[in-house]
Amino acid sequence: FLIPLGLSFYTFQTMGYLIDVYRGKYAAERNILRLALFTTYFPSVLQGPINRFDDLGPRLFRPHKFDDQNFREGILRMLWGYFKKMIIAERAVIIVQEIFGNFETNRYAGFTMVVGILLYSMQLYCDFSGGMDIVFGASRMFGVDLRENFRQPYMARSVSEFWQRWHISLGSWM
């Protein structure tokens, strides 16, 4: 309970920055406030994506003016994310927990197990991608565009392509 939320994203992002500076990819940021903004950028520190300094830094540091189009698009993306998380994922988890949580008692089999597996896949995807939609929407409201982190992974034609589409920033970080 006391472990800070988003520790892994914060750690990956900061480690990536330190490794890139060490390798000479770019010079170290001399302004501690700009570095702090990058490492603790609040929309992405809780759920990702894992950002690279040379990609996100310039987007954060350029001047931003209020843009009602960005604000509206950000709100809509956040609402879509909340819908996926709170309506789809939270409803699917009720059935998933019934099927897999009471497996021994009810002896579910066959079609019921297939439904449980499909709903679990949908619940997992909607939870993660809905969270990303909320992050992207909040960033868009501030005029900061982040790189997409999920690109329809269930439409992939292979396992390799699936993982390239699932958590894109983690894959590129690795």
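Procedures and definitions
Residues numbered from 1 in each chain as written. Predicted model: local features only at pLDDT ≥ 70, side-chain atom pairs only at ≥ 80, totals over all residues. Heavy atoms only, no water. Salt bridge = Lys/Arg side-chain N within 4 Å of Asp/Glu carboxyl O. Helix = DSSP H or I, 4+ residues; strand = E, 2+ residues; numbered from the N terminus. Buried < 20%, exposed > 50% of the residue type's maximum accessible area, 1.4 Å probe, protein only. Patch = residues over 30% accessible without salt bridge, like charges linked within 9 Å, V, L, I, M, F, W, Y side chains within 5 Å. Areas by Shrake-Rupley, 256 points an atom, 1.4 Å probe, with all protein chains shown as cover. Phe/Tyr/Trp six-rings, centres within 6.5 Å; stacked < 30°, edge-to-face > 60°. Lys NZ or Arg CZ within 6 Å of the ring centre and 35° of its normal. Core = buried A, V, L, I, M, F, W, Y, C linked by side-chain atoms within 4.5 Å. Contact = heavy atoms within 4.5 Å. Axes fitted to C-alpha atoms, helices over the stretch in contact; angles between N-to-C directions. Parallel < 35°, antiparallel > 145°, perpendicular 65-115°, else oblique. Left-handed = near helix turned anticlockwise from the far one by under 90°. Nonpolar A, V, L, I, M, F, W, Y, C, P; charged D, E, K, R; others polar. pLDDT = per-residue confidence, 0-100.

A. Region of interest: the pattern of salt bridges. This structure, assessed with the given rule, holds 14 salt bridges. The residue Arg-52 makes a salt bridge to Asp-20 at a minimum N-O spacing of 3.1 Å. Of this pair, Arg-52 sits in the loop between helix H3 (42–45) and helix H4 (53–61) while Asp-20 sits in helix H1 (residues 7–22), and the two are 32 residues apart along the sequence. Arg-52 gets classed as partly exposed once you look at its relative accessible area, which sits at 24%. The partner of Arg-147 in a salt bridge is Asp-55, with the nearest N and O atoms 2.9 Å apart. A residue pair is termed long-range when its members are at least 10 positions apart, and Arg-147 in the loop between helix H7 (111–141) and helix H8 (159–166) and Asp-55 in helix H4 qualify at 92 residues. Taken together, the shared-partner salt bridges connect Asp-20, Lys-25, Arg-52 and Asp-54 into one network.

B. Representation of a nonpolar patch on the surface within the structure. A cluster of nonpolar side chains, namely Phe-66, Phe-71, Ile-75, Leu-76, Leu-79, Trp-80, Tyr-82, Phe-83, Met-86 and Ile-87, defines an oily patch on the protein surface of about 1000 Å² accessible area. Topologically, Leu-79 is positioned in helix H5 (residues 68–101).

C. Looking closely at the packing of aromatic side chains. One pass over the full model with this rule turns up 17 aromatic pairs. Between the aromatic rings of Phe-162 and Trp-163, the centroid separation amounts to 5.1 Å while the plane-to-plane angle is 85°, which identifies the pairing as edge-to-face. Through a chain of ring-to-ring contacts, three or more aromatic side chains come together here, namely Tyr-125, Phe-128, Phe-150, Tyr-154, Phe-162, Trp-163 and Trp-166. In this structure, Arg-34 packs its charged tip against the face of Phe-61, placed 4.0 Å from the ring centre.

D. Structural context of the nonpolar core. Tyr-17, Phe-38, Tyr-41, Leu-56, Leu-60, Val-144 and Leu-146 are the most contacted members of the largest nonpolar core, which has 19 residues in total. Sorting the residues of this core by element identifies helix H2 (32–39), H4, H7 and H8 as the ones contributing at least two each. By residue number, the principal contributor to this core is H7, which donates five residues. Leave out the neighbours within four places in its chain, and Val-144 touches Tyr-41, Leu-56, Arg-59, Leu-60, His-64 and Ser-139.

E. The packing of H5 against H7, seen in detail. Viewed as axis vectors pointing N to C, H5 and H7 meet at an angle of 155°, and their least axial separation amounts to 7 Å. Looking at the two axes, H5 sits roughly antiparallel to H7. Judged by the twist between their axes, the crossing of H5 over H7 is left-handed. Grouping the amino acids of the contact of H5 with H7 by side-chain chemistry returns 24 nonpolar, ten polar and seven charged.

F. Region of interest: the confidence of the model for the protein chain. Looking at the protein chain as a whole, its pLDDT mean stands at 86, while 95% of the residues score no less than 70. By mean pLDDT, the top-scoring element of the protein chain is H5 (95), and the lowest-scoring one is helix H9 (residues 168–173) (73).

G. Structural detail: the side chain of Asp-20. Asp-20 sits in the buried class, given a relative accessible area of 6%. Discounting residues that sit within four places of it in the chain, Asp-20 has contacts with Lys-25, Tyr-26 and Arg-52.

H. Up close: the packing of H2 against H4. Viewed as axis vectors pointing N to C, H2 and H4 meet at an angle of 115°, and their least axial separation amounts to 10 Å. Accordingly, the angle class assigned to the pair H2 and H4 is roughly perpendicular. Relative to H4, H2 is oriented so that their crossing is right-handed. Residues Arg-34, Leu-37 and Phe-38 of H2 pack against Phe-53, Leu-56, Gly-57, Leu-60 and Phe-61 of H4.

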